[in-house]
Amino acid sequence: MSSASDEFDRTLHRASDGSAPLHRAVSDDDESTRGASHPIGCGRFAREALEVLAVSRFDRDVVADERLEAHVVVCADCANALQELERELGEADAFLGEFKTVANVSATTSQRVPVASGDDGPIRGYQLGTEIHRGGQGAVFHAEQIATRRPCAVKMLLGGKFASDKQRLRFEREVEVVAKMRHPSIVTLYESGIATTGEPWFAMEFIAGERLDEFVRAKCSSARLLGALFKSVAEAVAYAHRRGVIHRDLKPGNILVDREGTPRILDFGLARLDDASRHGDIDGGTTAAGEFLGTFAYAAPEQLSGDPSLVDSRCDLYALGVVLFECLVGQKPFSGAKSIAELVTQKTMSSPPRPRSLVSSVDPDLEVIALRLLAADPARRYDTADALVEDLARFLDGRPILAREDSVAYVVRKTLRRHWIPASFAALLVMTVFMSAIALFVAYRNAERERERSERTLASFQKALGSANPETGSGSSSMGIEDFLGLVEQQVTAELGDEPYQLAGVLRTLGLIHLGFDDAERAKSAIEEAHRVQEDGWERGEVSAAQFAETEFALARLLFNLRDFVGAEACYRRALALREAALGPDDVDTVETLRQLASALRAQNRLEDAQAVLDDAWLRSAKFPDTQAARVIRVGLLHGRATLSAARNDAASATVQYEEALAALLQMVPADDWRIGRTRYNLARMQLRTGALEAALENATAAERILREKKGADATMTREAASLCETVRKISVDGDG
Amino acid sequence: MDLDRTTTALLTALFDPKNAAAWEMFDRRYRPILVGFARNCGLKDNDAAEIAQETIVRFVEEYREGKYDRTRGRLGAWLVTIARYRMLDQKRRKGVQRIERGESAMIDLDDERSVTAAYEAERRQAVLREALDELRTRSKTDPKTVKAFEMLVYHGMTTQQVATELGMSAHDVYLAKSRIAAKLRDIVQRLENEYEESPGDWESTGRRPSAGLEA
């Protein structure tokens, strides 16, 4: 057997005093010590002493014999021998260095460990350990930063091995940016470099933790805990975004939860680098479809669009949406896709399923947040990660989240941008009526939430409406409003699909808006549907009397508009009874019901009954508080009285009463308000009858102008005003002639 | 069996369709190289594995059909040629649906120098891996010597650190190092001959650039 190892063992156990002639003969077959038995140099010093001196030239910690150090300066033989030893040593180092790229494991596992080598050893300053993870783009190793003894992880980007200088430079620059980030939930990057073997590497903090999804599955039992966890993640993402760093590859595997329960995001800002090496895989291949889908499930639709200019920080929000969705229901939003192409189509063309339709126990607020994040259109996600943080904070504090009504507000905003709803009246109407709808449907929630939500909704609506600019407006009024209402209806139907009474409330409101724009057909289907649902709910005791009265009232107005005055009267009477019981006899809404009832009676030509009802209403209105709403109703009553006089053919009284109503109205609303237009139209009709042609023409012309602007040229009232103008002009001309 | 001694013997044995051992040996030796090569070219693991599979099958077919002419190039060069076509083909097949993102790190398959360098890097890895395996399992080298080698090479420790750690003198570590280096050099040299793909061979066929990695 070889004596080499035996000899080496003896070497190990022999004390070295550094002066004795230490070199011993070894077996001839041991080539590593070939010629070792022969002295080298001038022979004055032992071979071993020269060898140690050579080693000391590579490792300053090795102490060589000082006498020999002095000797080689003057002895040419020993100097040459030393030079030869140094060369051999250098060669051996270089040769052995090649093995740094070969796995430090038995070849049976045949796992290649691409440890970087440099002239000075492996990755300078780091001691590499076992491989933790290996993916398509790189491998991650346990490591220790030698100087600090702190554990860390070193990632090697394998694909970058043959990268161009430009790519390498970019890699280093990006790492520089990322390394400056300091956040408790972002894994700190220590440093980076390019190994001489070609692989770019970077060293980062080592996290002993679990993947986010695994952590959530095992340890995150409540929606609150999940919300808190996500808030930390969102905060980290927001922090990076504020510094212009986008992750681009957020997924559960890149978010680890450490022992303290703090989420830590890996590879921030490095996805682009990874992309470069993973590039060849971005296709619809079937071989590794499962793997591709795994990665692509987290990519935002715009990332898959092929147009990099569409990608901004909101792609991270989409990815967080997928992660949240997955944590909520245990599957990805588009888990049914079988190919990339299918996945892209689904992501772009369809909405993800509602988490609660998959797992009924999912928290409704977290569901809304997830769906908001998963919007295919980046503009429909949160604007920023900060906004997501804010909403998660609201959720954790038990405050209402913004995601829900913001999506409705978005529709309003978007519509108003596309089609200016021509007159500020229309916008006002939409806002007023819509606000009442919002206020109603949130009445199902607790009072605190309701008030805040309404306030915020009001604010966002006002903002949306304020952003509309009449200067740039064009197109017909009906086009804008129809488009708008259609979108709103779609939106609320989608959002309130599982809350029928709230949906009914909104439908009723939409119906009234349709009615306000003379679209009786659409109004009918919406209001009748709302009435059907709410009547059912009222009988079951699930809808309050005030709620149902609102719908009865809306139905009455619809029937009145459809000229079914008998039906309208019946509905008004039911609404009146409900409101008297729920709100009291002197409530503004109760009195308003009386006023409308009078209109229905007048329309049936039951003028005495109408007068009695109107008188009753006027008496009750004396007890009104001094509010804007109360003043509006009183003006309405004045107007009603005038209309009744007109119905009795008492044009003189009607003219005076309309003038009173107009004066009161002008104190409350701008001179170009549509109600001013309507009143001036009615006044003009009476003035025409009394022969005050000049005043009639002035009022009719003004009414036509106002109504055209506020109601649109096609509105019944506008056409009537226009026709009145024509009549008055004709009579004036005839009279002159 | 002496199949694993030389590629020539292996190639001869491959002519026999029933020689499963030859196929196994060839596969065991070249598949990891081809997978690593394809990965070096920028492919992901699954695609790389697919390329390796296709390349080996195609090579054996062509070899049995007598298409492989040793005088026109080394075995490695032949494999690279096949694998390169397979990769171009795969790229074409998948390229239709390919969605561009950022810069590609896929090496230019038309650049022979880069492709050859990518293969050569992987082949050398295979040789080194096998050499290391042989050193550990068959050379009867003292475990403590191997330990010293590992500390020096894998843990980046200095001679003095290893000496302190293992209770040796610096000279002992030096001896261990030169011993291991000499042994590995012998093994690697022998394996290079077996793989018939020493750098010199590439130069003689004009296929290996003098500095492929700088391509």
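Residues numbered from 1 in each chain as written. Chains lettered and ligands numbered in written order. Predicted model: local features only at pLDDT ≥ 70, side-chain atom pairs only at ≥ 80, totals over all residues. Heavy atoms only, no water.

Caption draft 1: Geometry of the overall build of chain A. Of the regular secondary structure elements, chain A holds 29 helices and 10 strands. Taking all 737 residues of chain A together, 54% fall into the buried category. When contacts within chain A are restricted to residue pairs at least 6 apart in sequence, long-range pairs at least 24 apart make up 60% of them. (Helix = DSSP H or I, 4+ residues; strand = E, 2+ residues; numbered from the N terminus. Buried < 20%, exposed > 50% of the residue type's maximum accessible area, 1.4 Å probe, protein only. Contact = heavy atoms within 4.5 Å.)

Caption draft 2: Region of interest: the overall build of chain B. Each helix and strand counted, chain B has 9 helices and 0 strands in total. Listed N to C, the secondary structure of chain B is α-α-α-α-α-α-α-α-α in terms of helices and strands. Burial statistics for chain B: of 215 residues in total, 57% are counted as buried. By sequence separation, contacts in chain B at least 24 residues apart represent 65% of the contacts at least 6 residues apart.

Caption draft 3: A look at the nonpolar core. Counting residues in each nonpolar core, the largest one holds 66 residues, and the members touching the most others are Leu212(A), Leu226(A), Phe230(A) and Leu388(A). Considering every element that reaches this core, the biggest residue donor is helix α10 (residues 314-329) of chain A, with 12 residues. Residue-level mapping places this core at the junction of two domains, with at least three residues from each of domain 2 (104-205) and domain 3 (214-397) of chain A. In contact with Leu212(A), not counting residues within four places along its chain, are Leu229(A), Phe230(A), Pro252(A), Ile255(A), Val257(A), Val323(A) and Cys327(A). Ala22(B), Ala83(B), Leu184(B) and Tyr195(B) belong to the second largest nonpolar core, which has 56 residues in total. (Core = buried A, V, L, I, M, F, W, Y, C linked by side-chain atoms within 4.5 Å. Domains from an automatic or database assignment.)

Caption draft 4: Layout of the pairing of strand β7 (residues 200-205) of chain A. All names here are of chain A. With respect to burial, β7 is a largely interior element, 6 of its 6 residues being buried. Strand direction decides the pairing type here: strand β5 (residues 150-157) and β7, joined by 5 bridges, are antiparallel. Within β7, the position partnered with valine 154 by the bridge is alanine 203. Sheet topology note: the strand β6 (residues 189-194)/β7 ladder contains 5 bridges and is antiparallel. Opposite isoleucine 194, over in β7, you have proline 200 as the bridge partner. (Pairing = 2+ DSSP bridges.)

Caption draft 5: Quick look at the packing of helix α6 (residues 143-153) of chain B against helix α8 (residues 170-195) of chain B. Residue and element names in this part refer to chain B. Axis separation between α6 and α8 bottoms out at 9 Å; the angle between their running directions is 90°. On the basis of the axis angle, α6 is roughly perpendicular to α8. Only Val173, Ala176, Lys177, Ile180 and Leu184 of α8 make contact with α6, whose side of the interface consists of Thr145, Val146, Ala148, Phe149 and Leu152. Of the residues assigned to the contact of α6 with α8, the class counts are 8 nonpolar, 1 polar and 1 charged. (Axes fitted to C-alpha atoms, helices over the stretch in contact; angles between N-to-C directions. Parallel < 35°, antiparallel > 145°, perpendicular 65-115°, else oblique. Nonpolar A, V, L, I, M, F, W, Y, C, P; charged D, E, K, R; others polar.)

Caption draft 6: Quick look at the side chain of Asp172(B). Residue and element names in this part refer to chain B. When you line up the elements, aspartate 172 lands in helix α8. The exposure class assigned to aspartate 172 is buried, which follows from its relative accessible area of 2%. Within the structure, aspartate 172 has its side chain in polar contact with the backbone nitrogen of serine 169 (distance 2.9 Å). (Polar contact = N/O pair within 3.5 Å; in protein donor to acceptor, adjacent residues only side chain to side chain.)

Caption draft 7: Expanded view of the packing of aromatic side chains. Residues and elements named next belong to chain A. Taken as a whole and assessed by the stated rule, the structure comprises 9 aromatic pairs over all chains. Relative to phenylalanine 548, the ring of tryptophan 538 lies with its centre 5.0 Å away and its plane at 20°, an arrangement referred to as stacked. A residue pair is termed long-range when its members are at least 10 positions apart, and tryptophan 538 in helix α20 (residues 520-539) and phenylalanine 548 in helix α21 (residues 545-561) qualify at 10 residues. Of the residues examined, tryptophan 538 reaches a relative accessible area of 34% and is grouped as partly exposed. (Phe/Tyr/Trp six-rings, centres within 6.5 Å; stacked < 30°, edge-to-face > 60°.)

Caption draft 8: Structural view of the environment of Ile731(A). Residues and elements named next belong to chain A. Relative to the assigned elements, isoleucine 731 resides in helix α29 (residues 716-736). For isoleucine 731, a relative accessible area of 35% gives the class partly exposed. Expressed as a C-alpha distance, the spacing of isoleucine 731 and glycine 691, which sit 40 residues apart in the sequence, is 9.9 Å.

Caption draft 9: Representation of the packing of helix α3 (residues 66-74) of chain A against helix α4 (residues 76-98) of chain A. All names here are of chain A. The contact between α3 and α4 brings their axes to 6 Å, and the two run at 105°. Between α3 and α4, the interaxial angle falls into the category roughly perpendicular. For the pair α3 and α4, contact is made by His71, Val72 and Val74 and by Ala76, Cys78, Ala79 and Leu82, respectively. By residue class, the composition of the contact of α3 with α4 is 6 nonpolar, 1 polar and no charged.

Caption draft 10: Quick look at the side chain of Glu569(A). Residue and element names in this part refer to chain A. Here glutamate 569 shows up in helix α22 (residues 565-583). Reaching out from glutamate 569, the side chain makes a polar contact with the side chain of glutamine 604 at a distance of 3.0 Å. Those residues in contact with glutamate 569, other than ones at most four positions away along the chain, are Leu597, Ala600, Leu601, Gln604 and Arg606.

Caption draft 11: A look at α3(A). Residues and elements named next belong to chain A. Inspection of α3 places Leu68, His71 and Val72 among the buried residues, and these make up the whole buried set. On an axial view of α3, the arc spanned by its buried residues comes to 95°, and they lie on one face. Exposed residues pointing more than 90 degrees away from the buried face of α3 are listed as Glu66, Val73 and Val74. The N-capping residue of α3, defined by a side-chain oxygen 2.8 Å from the backbone nitrogen of arginine 67, is aspartate 65. (Arc of directions from axis to C-beta.)

Caption draft 12: How the structure looks around the confidence of the model for chain A. Residues and elements named next belong to chain A. When pLDDT is averaged along chain A, the result is 72; 66% of the residues meet or exceed 70. Across chain A, the element-wise mean pLDDT spans from 35 in strand β1 (residues 117-118) up to 93 in α22. With pLDDT under 50 throughout, residues 406-429 is counted as low confidence; its partners more than four residues away or in other chains account for 57 contacts. (pLDDT = per-residue confidence, 0-100.)

Caption draft 13: Quick look at the environment of Val72(A). All names here are of chain A. Tracing the backbone through its elements, the reader meets valine 72 in helix α3. In this structure valine 72 comes out as buried when scored by relative accessible area, which is 10%. A C-alpha to C-alpha distance of 8.0 Å links valine 72 and leucine 82, two positions 10 residues apart in sequence. Residues within four places of valine 72 in sequence aside, it is in contact with Leu50, Leu53, Arg57, Cys78, Ala79 and Leu82.

Caption draft 14: A look at the sheet that holds strand β10 (residues 263-265) of chain A. Residue and element names in this part refer to chain A. Spatially, β8-β9-β10 is the arrangement adopted by the 3 strands of the open sheet, whose pairing is antiparallel. Looking at which strands have only one partner, the edges of the open sheet turn out to be β8 (210-211) and β10. The pairing of β8 with strand β9 (residues 255-257) spans 2 bridges and is classified as antiparallel. Among the inter-strand pairings, arginine 211 is bridged to a residue of β9, identified as leucine 256. Against the sheet, helix α7 (residues 223-242) touches β9 and β10, its axis set at about 30° to β10.

Caption draft 15: Examining the pattern of salt bridges more closely. Under the counting rule described, the total for this entry stands at 43 salt bridges over all chains. A salt bridge links Asp65(A) to Arg67(A); the shortest N-O distance between them is 3.0 Å. Residue Arg67(A) is classed as exposed on the basis of its relative accessible area, which comes to 53%. Residues Arg124(B) and Glu192(B) are paired through a salt bridge, measuring 2.7 Å at the closest nitrogen-oxygen approach. Of this pair, Arg124(B) sits in helix α5 (residues 112-138) while Glu192(B) is found in helix α8, placing the two residues 68 residues apart along the sequence. Residue Glu192(B) is classed as buried on the basis of its relative accessible area of 3%. (Salt bridge = Lys/Arg side-chain N within 4 Å of Asp/Glu carboxyl O.)

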